[in-house]
Amino acid sequence: MSAFDTYIGHRKHWHRQEVESLLRAAGYKPALVTGVGFPFFNLYRCLVILRGKKLISDVNAGPAQNASLAARGAMAVFQRLLRQSLNSSRRGWQMIAKART
């Protein structure tokens, strides 16, 4: 996990098998557990990790309009790209699940 993940409250990154087990333990029957967001979410995650603690100070600096031109440009590009990469893919690092009772 990146420093930013910890800062925003993430405690764990889950693997597909762990999500399936958690759903079963809660009494659900997993219908779909897969990755999404390939390739753009994966690229976004790499940039978050590379940015490291600097990203935390960027966030603490205030509203997005106070961000540098480069940061605002990157945010605008990723907002559009992430919408296009919500496809299911085992290569996607974002996780999605669908289960039945």
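About the cut-offs
- Residues numbered from 1 in each chain as written.
- Predicted model: local features only at pLDDT ≥ 70, side-chain atom pairs only at ≥ 80, totals over all residues.
- Heavy atoms only, no water.
- Helix = DSSP H or I, 4+ residues; strand = E, 2+ residues; numbered from the N terminus.
- Rg over C-alpha atoms; globule rule 2.2 N^0.38 Å.
- Buried < 20%, exposed > 50% of the residue type's maximum accessible area, 1.4 Å probe, protein only.
- Contact = heavy atoms within 4.5 Å.
- Areas by Shrake-Rupley, 256 points an atom, 1.4 Å probe, with all protein chains shown as cover.
- Patch = residues over 30% accessible without salt bridge, like charges linked within 9 Å, V, L, I, M, F, W, Y side chains within 5 Å.
- Salt bridge = Lys/Arg side-chain N within 4 Å of Asp/Glu carboxyl O.
- Lys, Arg positive; Asp, Glu negative; His and termini not counted.
- Charge placed at Lys NZ, Arg CZ, Asp CG, Glu CD.
- Polar contact = N/O pair within 3.5 Å; in protein donor to acceptor, adjacent residues only side chain to side chain.

(A) Expanded view of the overall build of the protein chain. In terms of regular secondary structure, the protein chain is built from five helices and two strands. Scanning the protein chain from its N terminus toward the C terminus, one meets helices and strands in the order α-α-β-α-α-α-β. Here the C-alpha atoms of the protein chain give a radius of gyration of 16 Å, more than 25% beyond the 13 Å that 2.2 N^0.38 yields for 101 residues. A buried classification covers 22% of the 101 residues belonging to the protein chain. Taking all contacts inside the protein chain whose residues are at least 6 apart in sequence as the whole, residues at least 24 apart take part in 81%. Summing over all exposed atoms, the protein chain offers an accessible surface of approximately 7,400 Å²; the carbon and sulfur share of this is 58%.

(B) Main features of unusual backbone geometry. Cis geometry marks the peptide bond from phenylalanine 38 to proline 39, where omega comes out at 5°. Note on placement: proline 39 falls in the loop between strand 1 (29-36) and helix 3 (40-51).

(C) The arrangement of a positive patch on the surface in detail. Together, Arg24, Lys29, Lys98 and Arg100 give the surface a local cluster of positive charge. Looking at the element boundaries, lysine 29 is found in strand 1.

(D) Representation of the side chain of serine 2. Mapping serine 2 onto the fold places it in the segment before helix 1 (3-7). At 3.0 Å, the side chain of serine 2 and the backbone nitrogen of aspartate 5 are in polar contact. Those residues in contact with serine 2, other than ones at most four positions away along the chain, are Arg45, Val48 and Ile49.

(E) Local environment of the side chain of asparagine 42. Along the chain, the position of asparagine 42 falls in helix 3. Of the residues examined, asparagine 42 reaches a relative accessible area of 7% and is grouped as buried. Among the polar contacts made by the side chain of asparagine 42, one reaches the main-chain carbonyl oxygen of arginine 91 at a distance of 2.8 Å. Filtering out sequence-adjacent residues up to four positions away, asparagine 42 remains in contact with Gly37, Arg91, Gly92 and Trp93.

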